[in-house]
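Descriptive structure summary
Residue-level listing of the chains:
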Amino acid sequence: MRYILGGRGAFATAMAVSLTAFAWIGAAKAADVCEALWRARNAIFANKGYCFESPEGQAAFGKGCFPPYGKLTRAEEADVQRIKDVEAHQRCAAIPSGIMGAAMGPAPGGVRVVPKYVVQLTLSRAAQNKLAQSGETVRVAAFYYGSAMKHSADDDGEIALANEAVDLPSGTTAVNLGGISIAEADVRKASEGQPMLLINVYTSRKVFPDNLLDCGIYQGAAAQAGQVEISCKLIGE
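Residues numbered from 1 in each chain as written. Predicted model: local features only at pLDDT ≥ 70, side-chain atom pairs only at ≥ 80, totals over all residues. Heavy atoms only, no water.

Looking now at the packing of aromatic side chains. Applying the stated criterion across every chain, the model contains three aromatic pairs. Aromatic pair Y50 and F52: ring centres 5.0 Å apart, planes at 75°, arrangement edge-to-face. Here Y50 falls in the partly exposed class, since its relative accessible area comes to 37%. On the accessibility criterion, F52 (7% relative accessible area) is buried. When the ring of F143 is compared with that of Y145, the centres are 5.5 Å apart and the planes differ by 10°; the resulting orientation is stacked. On the basis of relative accessibility, which here comes to 24%, the residue F143 falls in the partly exposed class. We classify Y145 as buried; its relative accessible area is 7%. Of the aromatic side chains, those joined through ring pairs into one cluster are F45, Y50 and F52. (Phe/Tyr/Trp six-rings, centres within 6.5 Å; stacked < 30°, edge-to-face > 60°. Buried < 20%, exposed > 50% of the residue type's maximum accessible area, 1.4 Å probe, protein only.)

Ordered in space as β5-β2-β10-β8, the four strands form an open sheet in which the pairing is mixed. Looking at which strands have only one partner, the edges of the open sheet turn out to be β5 (174-177) and β8 (213-215). Averaged over all neighbouring strand pairs, the angle between strand axes comes to 30°, with direction disregarded. Where β8 lies against strand β10 (residues 227-234), three bridges are found, and the strand directions are antiparallel. (Pairing = 2+ DSSP bridges. Helix = DSSP H or I, 4+ residues; strand = E, 2+ residues; numbered from the N terminus. Axes fitted to C-alpha atoms, helices over the stretch in contact; angles between N-to-C directions.)

Next up on the list: the pattern of salt bridges. According to the stated counting rule, one finds six salt bridges in the structure shown. Where E76 meets K48, a salt bridge forms, and the shortest distance between an N and an O atom there is 3.0 Å. Pair noted here: E76 is in helix α4 (residues 74-89) and K48 is in the loop between α2 (30-47) and α3 (55-61), with a separation of 28 residues, a long-range link. What emerges from the salt-bridge pattern is a single network uniting R139, D167 and K206. (Salt bridge = Lys/Arg side-chain N within 4 Å of Asp/Glu carboxyl O.)

One can find D210 in the loop between β7 (196-203) and β8. Of the residues examined, D210 reaches a relative accessible area of 55% and is grouped as exposed. Those residues in contact with D210 that lie beyond four places of it in its chain are T203 and R205. (Contact = heavy atoms within 4.5 Å.)

In this structure, the second largest pocket occupies an estimated 250 Å³ of space. In terms of lining residues, the second largest pocket is bounded by 16 residues, among which L123, L131, G171, T172 and T173 are the most central. Mapped by element, the contributors of at least two residues to the lining of the second largest pocket are β2 (117-123) and α6 (125-134). At four residues, β2 tops the list of elements feeding residues into the lining of the second largest pocket. A per-class count over the lining of the second largest pocket returns seven nonpolar, eight polar and one charged. (1 Å grid on protein atoms, 1.4 Å probe; cavity = no way out; pocket = protein on both sides within 12 Å on 5 of 7 lines; lining within 4 Å. Points joined across faces, edges and corners; volume = space filled by probe spheres on them. Nonpolar A, V, L, I, M, F, W, Y, C, P; charged D, E, K, R; others polar.)

All told, the structure shown has two disulfides when counted by the stated rule. Shown here is the disulfide that connects C34 with C92, its sulfur atoms set 2.0 Å apart. The disulfide joining C34 to C92 has a torsion of about -85° about its S-S bond and is therefore left-handed. Of this pair, C34 sits in helix α2 while C92 is found in the loop between α4 and α5 (97-104), placing the two residues 58 residues apart along the sequence. Here C215 connects covalently by a disulfide to C232, the sulfurs 2.1 Å from one another. (Disulfide = S-S within 2.5 Å.)

Here we take up the confidence of the model for the protein chain. Taken over all residues, the pLDDT of the protein chain has a mean of 79, while the share at 70 or more is 78%. Per-residue pLDDT, averaged within each element of the protein chain, yields its smallest value for helix α1 (residues 10-17) (43) and its largest for β8 (97). Note that residues 1-28 has pLDDT below 50 and, in this model, 60 contacts with residues that lie over four places away or in other chains. (pLDDT = per-residue confidence, 0-100.)

See below:
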């Protein structure tokens, strides 16, 4: 599940609306319920830039730490309290076992889960004005790859592991990415032994046929991305 930052998360909102249903789920599903509640509660904070310090929080949502740094509205505070009430009723642990296990190592089922991370954009004044006046949006594209070992190389020596891309709503300059699963067998084909990450930023081409932005990139280990800051200006600016 991905959360677009800068507004109240749809997942968190939906969870808050239907929380009373969780109180009646049988004991056999208690662990799954507690994990879902933990994620729903912390997703509200993640959407508001909370600075996660625990390994569990960073594994699920990235480090965060951007304005307004976890400051919630009254409605969001009420949602958090409702979730806490149901967690207490379900006698959930402070950190559900499934969350703790995911933070400690590879996920079961032969997959590697990429930790969540934040991409924070800084736009020049001219770029901000052009986007606002035209209605064009910005796309953040993440490419997960590895350097292929002998006998497993593509033509360019790289192994494509996964891709994800998000078009940011107008006025939004941050997005939470990662949290996706990559087959462990594919990761083992890469000489780095872990997914590498390349992030490109450009306009979505919904209004203009050509890209308008000249942006920096991020390239490095996906697990170490944390908070990625990328600056953009108009091409030719």
